[in-house]
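Okay, here's what each chain looks like letter by letter:
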Amino acid sequence: MIAIGSDHAGFRLKELIIRHLEERALPCRDFGAFDGRGADYVPIGAAVAEAVAAGACERGILICGTGIGMSIAANKRAGIRAALCGDTYSAELSRRHNDANVLALGARVVGEGLAMRIVDAWLDAPFDGGRHLERVKLISRLEESVLGGLGGGAAADCQRPQKCS
Ligand code: RB5
């Protein structure tokens, strides 16, 4: 199940993406906005993030004018790795390297055709795991430390440069 949400600026693109997901036989749950009237992106982004973080939906797609507000809001939720993508390469790599579980799009930035390609690239790319899994685990540890669960030590750990490959 894919959670999807937008503000007023992303409403039209959201409707098109829902149709696209339906054509791909991918079920989705619509968190609004339900029309083009003014809607703040924060609560809708937070609701989609919650659905994904809690496991009710496997992944989420969020759309606002630039995608920036939605990505900022979604990334406040622990367990969310929201990637704002304006090209298919970033969308693919956000899955393969970052295991991004939310895709953010800017309806005023990308055209509708490109948006669908970005969605497809993001949906179809697997997470590569391996060394990337270790880095995603570091993000989780950083989240825990920021939330107070592990104190400051883990944060320092996560911020120390790691041996890269
Ligand atoms: C709405 O005007 C706009 O600010 C919003 O859609 C989004 O782009 C914010 O980041």
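The structure we're discussing is the one just above.
Computed from a predicted structure; not experimentally measured.

K.L.:
So what about the sheet that holds strand β3 (residues 59-64)? Which residues, and what values?
P.N.:
Spatially, 5 strands are ordered β2-β1-β3-β5-β4 in an open sheet, and the strand pairing comes out parallel. Each edge of the sheet is formed by a strand with only one pairing partner; in this case those strands are β2 (28-30) and β4 (82-84). Pairs of neighbouring strands in the sheet enclose a mean axial angle of 20°, with direction left out of account. Bridging between β3 and strand β5 (residues 102-106) involves 5 bridges; their strand directions are parallel. Residue pairing across strands places I63 opposite L105, the latter belonging to β5. In the packing of helix α2 (residues 41-53) onto the sheet, contacts are made with β1 (2-6), β3 and β5, and the angle to β3 comes to roughly 170°. In the packing of helix α5 (residues 112-124) onto the sheet, the strands contacted are β1, β3 and β5, and the crossing angle to β5 comes to about 170°.

K.L.:
Give a detailed account of the nonpolar core, specifying residues and quantitative values.
P.N.:
Of all hydrophobic cores here, the largest spans 23 residues; its most connected members are I17, I61, L103, L105 and V119. Broken down by secondary-structure element, the contributors of at least two residues to this core are β1, α1 (11-23), β3, β5 and α5. A per-element tally of this core places α5 first, with 7 residues. Among all residues touching L105, those that are not within four sequence positions of it are I17, I61, L62, I63, C64, T66, G67, L84, C85, I118 and V119. Counting 17 residues, the second largest nonpolar core, distinct from the first, contains A33, A39, L62 and C64.

K.L.:
Tell me about the site of the ligand, and name the residues and values.
P.N.:
Residues in contact with the ligand, as listed here, are D7, H8, A9, Y41, C64, G65, T66, G69 and R108. Interatomic distance of 2.7 Å between a backbone N/O atom of G65 and an oxygen atom of the ligand. In this structure, T66 approaches the ligand through a main-chain N or O atom, which is 2.9 Å from an oxygen atom. Here the ligand, which alone exposes 290 Å², has 71% of that area covered by the protein. Of the residues belonging to the shell around the ligand, the class tally is 3 nonpolar, 4 polar and 2 charged.

Calculation notes
- Residues numbered from 1 in each chain as written.
- Predicted model: local features only at pLDDT ≥ 70, side-chain atom pairs only at ≥ 80, totals over all residues.
- Heavy atoms only, no water.
- Pairing = 2+ DSSP bridges.
- Helix = DSSP H or I, 4+ residues; strand = E, 2+ residues; numbered from the N terminus.
- Axes fitted to C-alpha atoms, helices over the stretch in contact; angles between N-to-C directions.
- Contact = heavy atoms within 4.5 Å.
- Core = buried A, V, L, I, M, F, W, Y, C linked by side-chain atoms within 4.5 Å.
- Buried < 20%, exposed > 50% of the residue type's maximum accessible area, 1.4 Å probe, protein only.
- Near = heavy atom within 4 Å.
- Polar contact = N/O pair within 3.5 Å; in protein donor to acceptor, adjacent residues only side chain to side chain.
- Areas by Shrake-Rupley, 256 points an atom, 1.4 Å probe, with all protein chains shown as cover.
- Nonpolar A, V, L, I, M, F, W, Y, C, P; charged D, E, K, R; others polar.

All quantities given are derived from atomic positions and should not be read as evidence of function.
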